[in-house]
Amino acid sequence: MMKVLDVPDTIKQHGSRTLNLQLAAIGVLFGSALVLGNASFIFLSVPTVQMLKAGGPATIYVLGIALGTESAQLLQALRVLVVCFGVGIASYGDVTLNLAGLVLQLGSIVTDALRCCFLQRVLQHSQVDTTPLVTLAHVAPYSAAALVLPMAVVEGRRLVQTFDDWQPAIPAVLLSGLLAACLNFVVFKLIQLTSALTTSLSGVIKEWVCILVAMYVYGTVVTYMQWVGYSIAIAGLLWYQSGKLAAAAAAAGAKSADVAAGSCSEEKARLISSSGGSTSEGGSVSGSGSSSELKDIECGGKGS
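Attention here is on the structure that accompanies the text. Please read these numbers as outputs of a predicted model, since none were measured by experiment.

The rules behind the values
Residues numbered from 1 in each chain as written. Predicted model: local features only at pLDDT ≥ 70, side-chain atom pairs only at ≥ 80, totals over all residues. Heavy atoms only, no water. Helix = DSSP H or I, 4+ residues; strand = E, 2+ residues; numbered from the N terminus. Expected span 1.5 Å × (residues − 1). Buried < 20%, exposed > 50% of the residue type's maximum accessible area, 1.4 Å probe, protein only. Axes fitted to C-alpha atoms, helices over the stretch in contact; angles between N-to-C directions. Left-handed = near helix turned anticlockwise from the far one by under 90°. Contact = heavy atoms within 4.5 Å. Nonpolar A, V, L, I, M, F, W, Y, C, P; charged D, E, K, R; others polar. Parallel < 35°, antiparallel > 145°, perpendicular 65-115°, else oblique. Core = buried A, V, L, I, M, F, W, Y, C linked by side-chain atoms within 4.5 Å. Patch = residues over 30% accessible without salt bridge, like charges linked within 9 Å, V, L, I, M, F, W, Y side chains within 5 Å. Areas by Shrake-Rupley, 256 points an atom, 1.4 Å probe, with all protein chains shown as cover. Salt bridge = Lys/Arg side-chain N within 4 Å of Asp/Glu carboxyl O.

What follows covers helix α3 (residues 17–40). Counted at 1.5 Å a residue, the expected span for α3 with its 24 residues is 34 Å, and the 35 Å between its end C-alpha atoms agrees. When α3 is considered as a whole, its buried residues turn out to be Leu 19, Leu 23, Ala 24, Ile 26, Gly 27, Leu 29, Phe 30, Gly 31, Ala 33, Gly 37 and Ser 40.

Below, the structure is given as structure tokens:
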């Protein structure tokens, strides 16, 4: 695909051993998260799995602080605790909760959170200027290896024996793989533009859709306590997102003010230079400069 789109392989060109090790770790974590997550469906219902996944942003936030991709703030921590509280209620409300499935799903959440944090470091803080498509191309082989090896050990013989039974499903599997590759590219791009935590929070809509479809298709029963807990978790996620948007707006406003102040200073320096004079500490102009023009420049917000 990179050759078709004529995308330069910046990772291969630079040949950074550290970056290749990071990409290998991301790929192995990605494959491990899929293995653990898919195995949990054997023991847990679809709504329960999706509700447990709502705790993913909290996990990413904690790991992000440890890895330096997120900053520790009391208000953000409180929002994360609200999410965890809601997920805990939803999990407790599942009368069919299985301990093995719970452990597998929690393992999947932790490994996927690590993957997202490492991926953010590669896409945003790496010395090599890489793109989501190039990064995905280097991560995919390691992910495939992490999936194929457990599959060969656990299910290899059964897949060979039942080949005639699942052979008709190969086109659907290939189509699903193509869609998954497109989804991964979008996720990589979103992490590059925002953060791993914001990307995780954006998956809330998908979780709701999965729960509703499971209820309609499989007739899965969702208890009242699960709805209450999941609603609390969603409220916490929305609260966190509103805080992120407010912080981004404040940062953009501060940046605009700095740019305006810098432009004002440059204009003032230009006038002083053109007048051949200099300013004293009080702001007056000596020489043949035009002090009236300088008075018209007010860096506090008025235009020149």
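Our next topic: the packing of helix α7 (residues 99–125) against helix α11 (residues 170–193). Where α7 contacts α11, the axes come no closer than 9 Å and their chain directions differ by 65 degrees. The two elements α7 and α11 meet at a crossing, and its hand is right-handed. Taken together, the residues of α11 that come into contact with α7 (itself represented by Arg 115, Leu 119, Gln 120, Leu 123 and Gln 124) are Phe 188, Ile 191 and Gln 192. Split into classes, the residues belonging to the contact of α7 with α11 amount to four nonpolar, three polar and one charged.

With their axes 9 Å apart at the nearest point, helix α8 (residues 132–154) and α11 run at an angle of 125 degrees to one another. Taken as axis vectors, α8 and α11 run oblique relative to one another. Handedness of the crossing formed by α8 with α11: right-handed. Between α8 and α11, the residues in contact are Pro 132, Leu 133, Thr 135 and Leu 136 and Ala 181, Asn 184, Phe 185, Phe 188, Lys 189 and Gln 192, respectively. Residues that form the contact of α8 with α11 fall into these classes: six nonpolar, three polar and one charged.

Grouped together as the largest cluster of nonpolar side chains are 15 residues, with contacts concentrated most on Met 51, Leu 52, Ala 54, Val 83, Val 87, Tyr 230 and Ala 233. Counting only elements with at least two residues in this core, the list comes to α4 (46–53), α6 (74–92) and α14 (224–275). A total of four residues in this core trace back to one element, the largest contributor, which is α14. Those residues within four positions of Met 51 in sequence are excluded, and the remaining contacts are Val 87, Ala 90, Ile 211, Val 222, Gln 226 and Tyr 230. Leu 119, Val 122, Val 139 and Phe 188 belong to the second-largest nonpolar core, a separate cluster that totals eleven residues.

What follows concerns a nonpolar patch on the surface. Taken together, the side chains of Val 209, Val 213, Tyr 216, Val 217 and Tyr 218 make up a nonpolar region of the molecular surface, amounting to roughly 600 Å² of accessible area. Within the fold, Val 213 resides in helix α13 (residues 204–217). The class of Val 213 is partly exposed, set by a relative accessible area of 43%.

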